[in-house]
Amino acid sequence: MVARIGFIGLGNMGGPMAANLVKAGHTVRGYDLAAAAVEKFAGLGGHQAGSMAEAVRGADVVITMLPAGQHVREAYLGEGGILAAAASHALLIDCSTIDVDSARAVGSAAAEKGLAMVDAPVSGGVGGAEAATLTFMVGGPEEAFAKAQPYLAAMGKTIVHTGASGTGQAAKICNNMILGISMIAVCEAFALAEKLGLDHQKLFDVSSKSSGQCWSLTTYCPVPGPVPTSPANRDYKAGFTAAMMLKDLKLAQDASAAVGAQTPLGAEAEALYSRFAEAGHGSVDFSGIIKMLRERG
Ligand code: NAD
């Protein structure tokens, strides 16, 4: 079904995601604080909205792709915001990566107004956004999930209903905590191998086929050579920046503290990525942390 969609946040991820909805035949009105982002979207077949309310008014579906929890709270709950402007039948989908508390707060405020809402953070990066191959982790009522599915399918490939409101964000931060920890583990193993006189390719040949196998090794190998498409082969040009990884590790630690979970390796990964970012490497791909780990050694 062709829908009228309001899309808020046309940045690195939101821009190509909104463009894929246009390609799928929907009428998409886009809004971003950055005028250049809105103009770029217009060049891809989108309609320009001069304000958030203009993008939202009369829309069947409203999608947000914003930096962090505070932006999402403001966008939904603020004066002239999404909940105030949305039509009573509108479906609300927040694809930003934010803290679980903000996701639940916005989700319940929407429910109080009788609006269907899901939190649907993504994994797959800018490449996945462009190719419409993102993975969506979707928290919210079953009915809202069912309504969201066709729109998410126009932007991604794997769509998992994770449970009640907020569980999409929970899945995202748990997954990325695994990723941050596993990347550090793989970097440490290569740095140790170097000191032991073990060739990178030989370690890769063994570990990629044995119990050390993981995504950080086989898709995103932090040394050049074994996986030609990994950022290590282009001097750690991102990809997925260390600053983004740090953001997600902080969210995981905040969530962990809030519920009293034990996540000591998650805490150590956050500390290491903090030090890497503070040293001025926040815009480097997150696999570039191997340079700092070598120095420490
Ligand atoms: P980005 O900074 O490129 O885009 C965010 C956009 O939101 C910007 O264009 C900004 O101007 C706009 N914006 C901020 N406040 C606004 C407001 N009140 N109204 C309208 N527009 C507003 O960021 P991004 O890389 O697109 O990431 C967006 C979200 O996706 C983040 O939560 C991020 O953690 C998550 N994410 C990013 C990646 C990635 O690889 N870039 C991967 C997975 C998830």
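Here the structure is a predicted model, which means the values were calculated and not measured. (Residues numbered from 1 in each chain as written. Predicted model: local features only at pLDDT ≥ 70, side-chain atom pairs only at ≥ 80, totals over all residues. Heavy atoms only, no water.)

Quick look at the overall build of the chain
Threshold: We count a stretch as a helix when DSSP gives it H or I for four or more residues in a row; a strand needs E for two or more, and each element gets its number in order from the N terminus. Our radius of gyration is a C-alpha quantity, and the globule rule it is checked against amounts to 2.2 Å times the number of residues to the power 0.38. Burial classification: accessible surface area is computed with a 1.4 Å probe over protein chains only, and a residue below 20% of its type maximum counts as buried, one above 50% as exposed, and the rest as partly exposed.
If you tally the helices and strands in the chain, you get 14 helices and nine strands. The C-alpha radius of gyration computed for the chain amounts to 20 Å, which stays within 12% of the reference 19 Å derived for 297 residues, consistent with globular compactness. Counting only C-alpha atoms, the chain reaches 65 × 45 × 35 Å along its principal axes. By residue count, 51% of the 297 residues in the chain fall in the buried class.

Some points on the packing of aromatic side chains
Put simply, the test is: Centres within 6.5 Å make a pair out of two Phe, Tyr or Trp rings, where for Trp the six-membered ring is used; the pair is then stacked when the planes are under 30 degrees apart, edge-to-face when over 60, and tilted otherwise.
Here the structure, examined in full by the defined rule, presents four aromatic pairs. Geometrically, the ring pair formed by Phe240 and Phe286 is edge-to-face, given 5.6 Å between the ring centres and 80 degrees between the ring planes. Linking Phe240 in the loop between α11 (215-218) and α12 (242-259) with Phe286 in the loop between α13 (264-281) and α14 (289-296), this pair joins segments that are 46 residues apart in sequence. Of the residues examined, Phe286 reaches a relative accessible area of 1% and is grouped as buried. Members of the aromatic cluster, joined through ring pairs, are Trp215, Tyr220, Phe240, Tyr273 and Phe286.

As for the nonpolar core
The line we're drawing: Grouping buried Ala, Val, Leu, Ile, Met, Phe, Trp, Tyr and Cys residues that are joined through side-chain atoms within 4.5 Å yields what is termed a nonpolar core. Throughout, a residue-residue contact means that at least one pair of heavy atoms, one from each residue, lies within 4.5 Å.
Among the nonpolar cores identified, the biggest contains 35 residues, and Phe190, Tyr273, Phe286 and Ile289 are the most heavily contacted of them. Contributions of two or more residues to this core are made by α9 (167-195), α10 (200-207), α12, α13 and α14. For this core, the element with the most residues is α9, which contributes nine residues. Non-local contacts of Phe286, meaning those with residues more than four positions away in its chain, are made with Leu179, Met183, Trp215, Tyr220, Phe240, Thr241, Ala242, Met245 and Tyr273. Ranked by size, the runner-up nonpolar core spans 34 residues in total, among them Phe41, Val118, Ala129 and Ala148.

Some words on the pairing of strand β6 (residues 116-119)
Quick note on the threshold: Between any two strands, at least two bridges found by DSSP are needed for them to pair. Classification remark: right-handed applies to a crossover when, strands pointing away from the viewer, the course from the first strand over the helix to the second runs clockwise.
Relative to β6, strand β5 (residues 91-94) runs parallel, the two being bridged by four bridges. Following the sheet pairing, Ile93 is matched in β6 by Val118. What joins β5 to β6 is helix α6 (residues 100-112), and the crossover it makes is right-handed.

Concerning the domain arrangement of the chain
Heads up, the rule is: For the domains described, the bounds stem from an automatic or database domain assignment. Summed over both partners, buried area is the accessible surface (1.4 Å probe) that two parts give up on being assembled. A pair is scored as a salt bridge if a Lys or Arg side-chain nitrogen falls within 4 Å of a carboxyl oxygen belonging to Asp or Glu. Identification of polar contacts relies on pairs of N or O atoms within 3.5 Å, with a donor-acceptor requirement for protein atoms, meaning one able to donate a hydrogen and the other able to accept it, and with residues adjacent in sequence counted only if both atoms are side-chain atoms. The nonpolar class holds Ala, Val, Leu, Ile, Met, Phe, Trp, Tyr, Cys and Pro. Asp, Glu, Lys and Arg form the charged class, and all remaining residues, Gly among them, are polar.
Splitting the chain by domain gives domain 1 (4-164) and domain 2 (170-296). The interface is formed by 11 residues belonging to domain 1 together with seven residues belonging to domain 2. Sorting the residues of domain 1 by area buried against domain 2 places Thr97, Val100 and Met137 first, and these three jointly supply 54% of that buried surface. The tally of links between domain 1 and domain 2 comes to zero salt bridges. Applying the counting rule to domain 1 against domain 2 returns three residue pairs in polar contact (both at pLDDT 80 or more). Residues that form the side of domain 1 that touches domain 2 fall into these classes: seven nonpolar, three polar and one charged.

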